[in-house]
Amino acid sequence: MTVSVVCYSENFAWVAHRLKKVKTSFFCQNCGHQSSKWLGKCPSCGEWNQFAEEEIRESKEEVSSELQLSEPPISIDEIIADEGSRLITGIGEVDRVLGGGLVGGSAILVGGDPGIGKSTLLLQVLNNIALRNCNVLYVSGEESARQVRLRGNRLGALSKNLLILVEISLENILKQIKELHPKVVVIDSIQTIYSSVLSSSPGSVGQVREASERLILLSKKTGVPVFLIGHVTKDGSIAGPKVLEHMVDTVLYFEGDSGHAYRVIRSMKNRFGPTNEIGVFEMRDDGLKEVLNPSSFFLSERSEDVTGSVVVPSMEGTRPILVEIQALASPTAFGMPRRTAIGVDHNRVSLLVAVLDKICNLHLGNHDIFINVAGGVRVDEPAVDLGIVSAMASSFLGRPISAKTVVFGEVGLTGELRGISQIEARVKEAERMGFNRCIIPKTTFHEQRLDAIVSNIECVRISNLRELLGNLF
Ligand code: TYD
Ligand code: MG
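Read on for an overview of the structure. Note that this is a predicted model, so its numbers are computed, not measured.

## Notes on the pairing of strand β9 (residues 250–255)
Line of reasoning, step 1. For β9, the tally of buried residues reaches five of six residues, placing the bulk of the element in the interior.
Line of reasoning, step 2. Pairing geometry for strand β4 (residues 107–111) and β9, over four bridges, is parallel. Note on β9: the bridge partner recorded for I108 is T250.

## As for the site of ligand 1
Line of reasoning, step 1. Taken together, 16 residues surround ligand 1, and among them G115, S119, T120, R284 and D285 come closest.
Line of reasoning, step 2. Between ligand 1 and the protein, one listed contact pairs an oxygen atom with a backbone N or O atom of I116 at 3.4 Å.
Line of reasoning, step 3. Between D285 and ligand 1, the recorded distance is 2.7 Å, taken from a backbone N or O atom to an oxygen atom.
Line of reasoning, step 4. Classifying every residue of the shell around ligand 1 by side-chain character gives four nonpolar, five polar and seven charged.

## Observations concerning the nonpolar core
General note: in soluble globular proteins, nonpolar side chains tend to be found buried as a group.
Line of reasoning, step 1. Counting 63 residues, the largest nonpolar core has I325, I371, I388, M392, V427, F435 and L465 as the members making the most contacts within it.
Line of reasoning, step 2. Per element, the largest residue contribution to this core is seven residues, and it comes from helix α10 (residues 346–360).
Line of reasoning, step 3. Among the domains, domain 2 (88–292) and domain 3 (297–472) are the pair contributing at least three residues each to this core.
Line of reasoning, step 4. With residues up to four places along the chain from it excluded, the contact list for M392 reads A327, L352, V353, L356, I369 and I371.
Line of reasoning, step 5. Ranked by size, the runner-up nonpolar core spans 32 residues in total, among them V97, L98, L155 and F281.

## Notes on helix α6 (residues 170–180)
Line of reasoning, step 1. Of all the positions in α6, only L170, I173, L174 and I177 are classed as buried. All buried residues of α6 lie within an arc of 100 degrees about the axis, which places them on one face of the element.
Line of reasoning, step 2. Directly beyond the C-terminal end of α6, a positive phi value near 45 degrees is found at H181.

## Some thoughts on the sheet that holds strand β1 (residues 24–28)
In sheet architecture, strand pairing relies on hydrogen bonds along the backbone and comes in two forms, parallel and antiparallel.
Line of reasoning, step 1. Across the sheet, which stays open at both edges, the three strands sit in the order β2-β1-β3 with antiparallel pairing between neighbours. Edge positions in the sheet fall to β2 (34–35) and β3 (51–55), since each of these pairs with one other strand and no more.
Line of reasoning, step 2. As defined by bridge partners, β1 adjoins β2 across two bridges and the pair is classed as antiparallel. By the bridge assignment for β2, F26 is matched with S35.

## Remarks on empty space enclosed by the protein
Line of reasoning, step 1. Under the definition given, this model contains three cavities of 30 Å³ or more.
Line of reasoning, step 2. If you add up the space inside the largest cavity, you get close to 50 Å³.
Line of reasoning, step 3. Looking at the lining of the largest cavity, its residues break down into five nonpolar, four polar and one charged.
Line of reasoning, step 4. Taken as a whole, the second largest cavity holds about 40 Å³ of empty space.
Line of reasoning, step 5. What lines the second largest cavity is I177, V185, L215, L218, S219, V224 and V226.

## Here's the deal with the side chain of E54
Line of reasoning, step 1. Mapped onto the elements, E54 comes out in strand β3.
Line of reasoning, step 2. R209 provides the closest opposite charge to the buried, salt-bridge-free E54, at an N-O distance of 5.4 Å.
Line of reasoning, step 3. Look past the residues within four positions of E54 in its chain and what remains in contact with it is K23, T24, S25, F27, Q29, S200, S204, V205, G206 and Q207.

Each value, and the rule that gives it
Residues numbered from 1 in each chain as written. Chains lettered and ligands numbered in written order. Predicted model: local features only at pLDDT ≥ 70, side-chain atom pairs only at ≥ 80, totals over all residues. Heavy atoms only, no water. Buried < 20%, exposed > 50% of the residue type's maximum accessible area, 1.4 Å probe, protein only. Helix = DSSP H or I, 4+ residues; strand = E, 2+ residues; numbered from the N terminus. Pairing = 2+ DSSP bridges. Near = heavy atom within 4 Å. Polar contact = N/O pair within 3.5 Å; in protein donor to acceptor, adjacent residues only side chain to side chain. Nonpolar A, V, L, I, M, F, W, Y, C, P; charged D, E, K, R; others polar. Core = buried A, V, L, I, M, F, W, Y, C linked by side-chain atoms within 4.5 Å. Domains from an automatic or database assignment. Contact = heavy atoms within 4.5 Å. Arc of directions from axis to C-beta. 1 Å grid on protein atoms, 1.4 Å probe; cavity = no way out; pocket = protein on both sides within 12 Å on 5 of 7 lines; lining within 4 Å. Points joined across faces, edges and corners; volume = space filled by probe spheres on them. Lys, Arg positive; Asp, Glu negative; His and termini not counted. Salt bridge = Lys/Arg side-chain N within 4 Å of Asp/Glu carboxyl O.

And the structure:
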């Protein structure tokens, strides 16, 4: 008799559990797209076999208890916010990409390929801040305390106030932040953190979103800036939901590859400063070192008087940096000529080949064309057009361009040269680096202003590609 009662109550509990509806949905593990049913191909990012079922948390109690928005609205001119309250990290290039230091309560997402130096840089940043006698917290979900210490030994980052927490439970991390109230927090990495509220595994879209949401809320409430290190997917974007990039205040990406010593961090989004700003570093045995003069760094291995090479001042964020564009045109061995571009847009190169053919009568149709930006940098702005055209012409004609000449300008389909932004800053940087001649678009607007600021550099203004070859060599 007793036995049947037990069975009955167990059954009852089971039925009650079944009746409590657990809501689930399917999420693309690549981009975070949500769907009520399983799909083979993601309609948002086009990836196959990425959908996984995840529980949706219905109660928002934990989150609301962390936020506790109880203050009434106030007038904007009564809010106290001075720029002086930014926390300077002490590493100039990091402060530069952040827009002049860390803003209290901001969330910064740092993405980049594995092994590029994310953990290294943030440990250096934290140590720098810790040396000023304030506690900082480095949460490691990937490496053991011993491994972090070994890295610290290499970097000389051994400040007493640099606290290491090896933890992946979100609830414990939040508790520690509330108790310690550190000056800055680093989460390495957001994909390893899991919350017990959800049953899905760490790294899934649901967990990443939950963990970042609650960390960002706590950061906003307590004013503690938090760095979130994020993994990247094979196409180079930060793994996890795209909304993650919308939620944070700043997104920094590491560029460069392990084959080169230099590393570039670029701000893709910044609510507190300019975007596309870059910080340049060199990876050494003892960590990342700032490169104070990026132009000379990128031109350091340049050989003079060779064909197919020209220097372009490219604007990276708010400062100009000189980069070398190289081109190689060689007769094609097969029917289909190849067009290969590294560091510049591939379609742009095809377009410029066609313009060069039509306007300058340089018939590259039966030549393979290779374009490379030396040093492995990526330049995305239209101002490099003239550089690509000049390098291709130089390689095709077998005539070197003077090593002391820089060129820049956007090229249109009819061969016209268009004005571009920040002409003065670019010419000034070229003059500072010892160049004595620049070929630039003819725009009346800048003429007098330019002549007023530079004296040791000759400015050749052209309005169409037809005038280029006569002035280039
Ligand atoms: P790491 O910061 O672990 O990369 P991530 O966190 O982005 O995955 O960087 C590891 C790489 O950096 C590794 O290839 C070794 C190299 N490295 C140095 O060259 N010098 C150093 O002082 C350190 C700490 C790392
Ligand atoms: Mg790491």
